[in-house]
Amino acid sequence: MTISYNWLSEYLPEIIEPEKLSKILTSIGLEVESLEKYESIKGGLEGLVIGEVVECGKHPNADKLSVTKVNIGSAGNLQIVCGASNVAAGQKVVVATVGTTIYPANGEPLTMRVAKIRSIESYGMICAEDEIGLGTSHDGIKVLPNDVVIGSKAADYFKPYADWIYEIGLTPNRMDAQSHLGVAKDVCAYLSHHNNQASKTKLPFNNNFKADNNSLKINVKVDDAELCPRYAGVSIRNVKVALSPKWLQDKLQAIGLRSINNIVDITNFILHETGQPLHVFDANEITANTVIIKTLPEGTSFISLDEKERKLSANDIMICDGEEKPMCIGGVFGGIKSGVKETTTNIFLESACFNSTVIRKTSLYHQLRTDAATRFEKGVDISNTVNVLKRAALLIKEVAGGEISSDIVDVYTAPKERTVVAIKYHYLKKLSGKNYHPDAVKRILEALGFEITREGIDELQVAVPYSKTDIHLPADIVEEILRIDGIDNIDIPSTITITPSVDSSKTKERLKEKLATYLVGQGFNEILTNSITNSKYYNQDVLQSTVKMLNSLTVELDVMRPSLLETGLETIAFNNNRKNVNLQLFELGKTYHQKEASKYKEYEHLALYFTGNTNEDEWKEKAKPNDFYSAKSITTSLIALSGLNDISFNNNDNTIEVYNGKQKLGYIKQVGKNTLAQFDIKQAVVFVDIDFASLLNAVEKNKITYKEVAKFPTMQRDLALILDKNIQYYQVEDVVKKQKLNKLQSTRLFDVFESEKLGAGKKSLAINFTFIDDEKTLTDKEIEGMMNKLVTGFEKEIGAEIRK
């Protein structure tokens, strides 16, 4: 969830620095995942000043350049060479002086310095709007009105908006914190408890609401109060749909929302201020001035706001007109006909509370994961429905004009009772590990909006605020107290009692630890990706055996991953977008597969990802690419580290399969361009997938033997083979293995040479062979015999020619 620091601060009783506020938010359970500075204009126009061109003449050595004198106030006149065709004396302009850094709309930042242009010195730059991020036009310099003050700061004139933006990892149960006001209430509760004095949230609601007339009364009928427990609305006539004022645009754009028009922007503003979704109808499209909330027959056709025809479910909550024609999917998405248009003058503003379960089903059924749906499915504050409606109506009247043309219509047939929870102090101590004073408990709960309904010696009974729909149990109350007090304030007991676990798979866990430690030592970073992913990554053949989610969190997360490749590529893309391009990653994770109806299997994998370079350029060593050969080397080392020594590779349809003996352990592959394009990755990626169960099986079957360190020297020979270019090195290794030379200790490829002199389509591989005998020193004759056997094998099996 995105929270604006400036916006949040409007509701707090005191100013808190952004970093300190970040710590408070994390302390109270609203974990801050990132805090970033937001600027509507990059750089905030820092250092730019307003100047006046007092002289303008042709450059003596260039036809298209002008030499100007620019008055910037106290600093006097600056000589600036300008290439704009529209520059002229008497203009008020934006000037970047020497030392100022400008941030173009496109391109890298540029710091001004004294420059000599065609033998004339220039002390700055007269700016076009795209050169300082004010727009995209490069038709000429930005010319300002004559009333601007010479020497004043450009930032004071253009007033760029700056803010700090928090990304909060909100847990699913915290619907009360899905808004700036909700977060502010939590912060105030924290301040009240830790400062020992009441801190009240500055609420934006007031009692100034009053209908101007009753000339546009809209009747409301709710067919089923279970589907819509509360529905409120109000009519506003003679509004003017236009651009939103700057303050409203700034607030929405800072949290990543696009400004649409003043009416729609107000509803979005209210949503993020209070957490209450609103919807606006064009009142002229409401037949018979009547709104009916009901369900429609299965398969009813409805054209939604995105101009798509949708077939309705019989469970969808529909907002219909007086003729029972659908205008909106309640709580989810609007209709194409009844929405606000440029020509709209009369509106009906809706504020409602819908059944959470039905909204979620509708949202998933139509694959419409809107902001409104995510709020309604978690529950909204039913007690605040009308207050929010009044707040929105007054704001619309303020920014769009018009007159409130009806009283509030509020259909609330069965008012909801507040949930009552009792908690005993000894239970609080048992769960929290801390002995809280009753006054502290009451102070925290009252600051959070709870009402004390009964108090005993060891028990406290409270009425839960309507905004906290997740609280039903005493344990929920303990959680509220703990997060406001702070987990860090719980004392660690002098003795801790634990029950040791019995490890039934020591070999498995030791192997995991061993491999992970090796990879980290080689410069890898371990990642942990989501096992739920997006079905769009896979083709129909793969999806047939993929485990589908019946109740997915979002439209994008709808299947259990059948492979670790795609979730790893998401991580690579995330890093690439932040200029982190040299990556070696690994993950020990599971994949999931459906064998047949209601029968599922999961498999453990060790996945490796290589992209970018293995190292940066240094004076002694150039950067080396993280390529297929790096992947093969690391894979070979991993398997050897596991204690396996019968490693081989097999090329199968652009994938290199990895074997230990005859048992397949996994594969190495270069990720295809089409797959990379799905994630907008523009650099090569190599992927290694090791079936951990197969590796573990091979390790458990492997018999470890020990032998004495050799007493006799090793002997080495080199051989250069001329081969067809399509012959891979693993094929050479296979030939070597077939010779079954017990005294051959190792082989090593140390050179690859390609030249037309070798012949068309030929290459040369230079290979080193190391021999040893545990019982004696090998003779030249014995070594030559083994080398001849190898040569014969190479010539016969892969058509090699020995390079003399």
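Residues numbered from 1 in each chain as written. Predicted model: local features only at pLDDT ≥ 70, side-chain atom pairs only at ≥ 80, totals over all residues. Heavy atoms only, no water.

**Student:** Now, about the overall build of the protein chain: what can you tell me, with residues and values included?
**Tutor:** Across its full length, the protein chain carries 20 helices and 41 strands. Computed over its C-alpha atoms, the radius of gyration of the protein chain comes to 36 Å, more than 25% above the 28 Å expected for a compact globule of 804 residues. Taken over the C-alpha atoms alone, the protein chain extends approximately 115 × 90 × 65 Å along its principal axes. Scored against the burial criterion, the 804 residues of the protein chain give a buried share of 47%. In the protein chain, of all internal contacts separated by at least 6 residues, the share reaching a separation of at least 24 is 70%. Only carbon and sulfur atoms are counted for the fraction: they give 48% of the accessible area of the protein chain, which is about 41,700 Å². Taken together, the 96 basic and 106 acidic charged side chains of the protein chain have centroids lying 3 Å from each other. (Helix = DSSP H or I, 4+ residues; strand = E, 2+ residues; numbered from the N terminus. Rg over C-alpha atoms; globule rule 2.2 N^0.38 Å. Buried < 20%, exposed > 50% of the residue type's maximum accessible area, 1.4 Å probe, protein only. Contact = heavy atoms within 4.5 Å. Areas by Shrake-Rupley, 256 points an atom, 1.4 Å probe, with all protein chains shown as cover. Lys, Arg positive; Asp, Glu negative; His and termini not counted. Charge placed at Lys NZ, Arg CZ, Asp CG, Glu CD.)

**Student:** Hey, could you go over the pattern of salt bridges for me, with residue numbers and the actual values?
**Tutor:** All told, the structure shown has 43 salt bridges when counted by the stated rule. Residue glutamate 604 pairs with lysine 512 through a salt bridge whose shortest N-O separation is 2.6 Å. One end of the pair, glutamate 604, is in strand 33 (residues 599–611); the other, lysine 512, is in helix 13 (residues 506–521), with 92 residues separating them in the sequence. For glutamate 604, a relative accessible area of 19% gives the class buried. Across the pair arginine 717 and aspartate 780 runs a salt bridge, and its minimum N-O distance is 3.1 Å. Of the two residues, arginine 717 is situated in strand 38 (residues 715–724) and aspartate 780 in helix 20 (residues 780–798); the sequence distance between them amounts to 63 residues. Judged by its relative accessible area of 21%, arginine 717 is partly exposed. By sharing partners, the salt bridges in this structure join Arg174, Asp176, Asp186, Lys468, Glu480 and Arg483 into a single network. (Salt bridge = Lys/Arg side-chain N within 4 Å of Asp/Glu carboxyl O.)

**Student:** So what's going on with the sheet that holds strand 17 (residues 290–294)? Which residues, and what values?
**Tutor:** One key point about sheets: their strands pair by backbone hydrogen bonds, in either a parallel or an antiparallel sense. As summarised here, the arrangement of the five strands in space is 14-17-20-21-22, forming an open sheet in which the pairing is mixed. Since the sheet does not close on itself, it has two edges, and those belong to strand 14 (219–222) and strand 22 (333–334), each with one partner. Judged from the two bridges that link them, strand 21 (residues 326–329) and strand 22 form a sheet pairing that is antiparallel. Residue pairing in the sheet places cysteine 328 in a bridge with glycine 334 of strand 22. (Pairing = 2+ DSSP bridges.)

**Student:** For unusual backbone geometry, give the residues involved together with the corresponding values.
**Tutor:** Residues other than glycine predominantly adopt negative phi, and peptide bonds predominantly adopt the trans conformation. One non-glycine residue, arginine 118, lies in the positive phi region at around 55 degrees. Note on placement: arginine 118 falls in the loop between strand 9 (115–117) and strand 10 (120–122). By relative accessible area, which is 53% here, arginine 118 ends up exposed. We note that glutamine 367 has phi near 55 degrees; this positive angle belongs to a residue other than glycine. Mapped onto the secondary structure, glutamine 367 falls in the loop between helix 7 (356–365) and helix 8 (371–378).

**Student:** For the nonpolar core, give the residues involved together with the corresponding values.
**Tutor:** The nonpolar side chains of a soluble globular protein tend to be buried, and buried together. Core analysis: the largest hydrophobic core is formed by 74 residues, its most contacted members being Leu21, Leu25, Val187, Ile263, Leu349, Ile396 and Ile477. With nine residues, helix 9 (residues 385–400) is the single largest residue contributor to this core. The residues contacting leucine 25, other than those within four sequence positions of it, are Leu30, Glu31, Val32, Tyr166, Ile168, Val183 and Val187. Core analysis: the next-biggest nonpolar cluster, separate from the first, contains 37 residues, Leu296, Leu312, Met327 and Phe354 among them. (Core = buried A, V, L, I, M, F, W, Y, C linked by side-chain atoms within 4.5 Å.)

**Student:** Go over the pairing of strand 23 (residues 347–353) with me, naming the residues and quoting the values.
**Tutor:** Across the seven residues that make up strand 23, a large majority, seven, are buried. Every second residue of strand 23 is oriented toward a common face, with Ile347, Leu349, Ser351 and Cys353 on one face and Phe348, Glu350 and Ala352 on the other, all of them buried. In this structure, strand 15 (residues 230–237) lies alongside strand 23, joined through seven bridges in antiparallel fashion. Bridge assignment links glycine 233 to a residue of strand 23, and that residue is glutamate 350. Direction of pairing for strand 16 (residues 278–282) relative to strand 23: antiparallel, over a ladder of five bridges. Looking at strand 23, one finds that phenylalanine 281 is bridged to phenylalanine 348.

**Student:** Which residues make up helix 16 (residues 628–641), and what values do they have?
**Tutor:** With 14 residues, helix 16 should reach 20 Å at 1.5 Å per residue; the first-to-last C-alpha distance of 20 Å fits that figure. For helix 16, the set of buried residues is Ser630, Ala631, Lys632, Ile634, Thr635, Leu638 and Ile639. Its side-chain oxygen placed 3.2 Å from the backbone nitrogen of tyrosine 629, aspartate 627 serves as the N-cap of helix 16. The first or second residue beyond helix 16 is glycine 643, which carries a positive phi of 100 degrees. (Expected span 1.5 Å × (residues − 1). Polar contact = N/O pair within 3.5 Å; in protein donor to acceptor, adjacent residues only side chain to side chain.)

**Student:** Got a sec to walk through the environment of serine 598? Specific residues and values, please.
**Tutor:** Summarising the element assignment, serine 598 is placed in the loop between strand 32 (583–596) and strand 33. Using a relative accessible area of 63% as the deciding quantity, one classes serine 598 as exposed. The spacing of serine 598 and valine 547 is 51 residues in sequence and 9.7 Å in space, taken between C-alpha atoms.

**Student:** I'd like a description of the packing of aromatic side chains, backed by residues and values.
**Tutor:** Enumeration according to the criterion identifies 13 aromatic pairs in this entry. Centre to centre, the rings of tryptophan 247 and phenylalanine 269 are 5.7 Å apart; their planes meet at 85 degrees, and the pair counts as edge-to-face. Pair noted here: tryptophan 247 is in helix 5 (residues 246–254) and phenylalanine 269 is in helix 6 (residues 262–274), with a separation of 22 residues, a long-range link. The exposure class assigned to phenylalanine 269 is buried, which follows from its relative accessible area of 3%. Relative to phenylalanine 376, the ring of phenylalanine 354 has its centre 5.1 Å away and its plane inclined at 70 degrees; by these criteria the two rings are edge-to-face. Here phenylalanine 354 is found in the loop between strand 23 and helix 7, whereas its partner phenylalanine 376 is found in helix 8, with 22 residues between them in sequence. Of the residues examined, phenylalanine 354 reaches a relative accessible area of 2% and is grouped as buried. These aromatic residues form a ring-pair network of at least three members: Trp7, Trp247 and Phe269. (Phe/Tyr/Trp six-rings, centres within 6.5 Å; stacked < 30°, edge-to-face > 60°.)

**Student:** Describe the side chain of glutamate 604, with residues and values.
**Tutor:** Here lysine 508 takes part through its side chain, which lies 2.6 Å from a polar atom of the side chain of glutamate 604. If sequence neighbours within four positions are ignored, glutamate 604 has contacts with Lys508, Lys512, Gly589, Lys590, Ile690, Asp691, Phe692 and Ala693.

**Student:** Describe the packing of helix 13 against helix 16, listing the residues and the values that go with them.
**Tutor:** Direction vectors running N to C along helix 13 and helix 16 enclose 145 degrees, while the axes themselves pass 10 Å from each other. Crossing of helix 13 over helix 16 shows right-handed handedness. In this structure, helix 13 contributes Lys514, Leu515, Tyr518 and Leu519 to the contact, and helix 16 contributes Ile634, Ser637, Leu638 and Leu641. Considering only residue class, the contact of helix 13 with helix 16 consists of six nonpolar, one polar and one charged. (Axes fitted to C-alpha atoms, helices over the stretch in contact; angles between N-to-C directions. Left-handed = near helix turned anticlockwise from the far one by under 90°. Nonpolar A, V, L, I, M, F, W, Y, C, P; charged D, E, K, R; others polar.)

**Student:** Break down the sheet that holds strand 28 (residues 459–463) for me, citing the residues and quoting the values.
**Tutor:** In spatial order, the strands read 26-28-27; together these three strands make up an open sheet with antiparallel pairing. Bordering the open sheet on either side are strand 26 (420–424) and strand 27 (451–455), each of which pairs with just one other strand. Adjacent strand axes in the sheet meet at a mean angle of 25 degrees when their direction is disregarded. Helix-sheet contacts for helix 10 (residues 425–432) involve strand 26 and strand 28, and the interaxial angle to strand 26 is about 75 degrees. On top of the sheet, helix 12 (residues 474–485) reaches strand 26 and strand 28; it is set at about 75 degrees to strand 26, its chief contact.

**Student:** Can you tell me about the packing of helix 11 (residues 438–447) against helix 12, naming the residues and giving the values?
**Tutor:** Running from N to C, helix 11 and helix 12 cross one another at 95 degrees; their axes reach a closest spacing of 10 Å. By the angle class used here, helix 11 and helix 12 are roughly perpendicular. Residues Val441, Ile444 and Leu445 of helix 11 touch helix 12, and the partners they reach there are Ile477, Glu480, Ile481, Ile484 and Asp485. (Parallel < 35°, antiparallel > 145°, perpendicular 65-115°, else oblique.)

**Student:** Would you mind going over the side chain of histidine 59 in detail, with residue names and values included?
**Tutor:** As for its position among the elements, histidine 59 is in the loop between strand 3 (48–58) and strand 4 (66–71). In this structure histidine 59 comes out as buried when scored by relative accessible area, which is 4%. Beyond its immediate chain neighbours, meaning those up to four positions away, histidine 59 contacts Leu65, Ser66, Val67, Val81, Ile117, Arg118 and Ile120.

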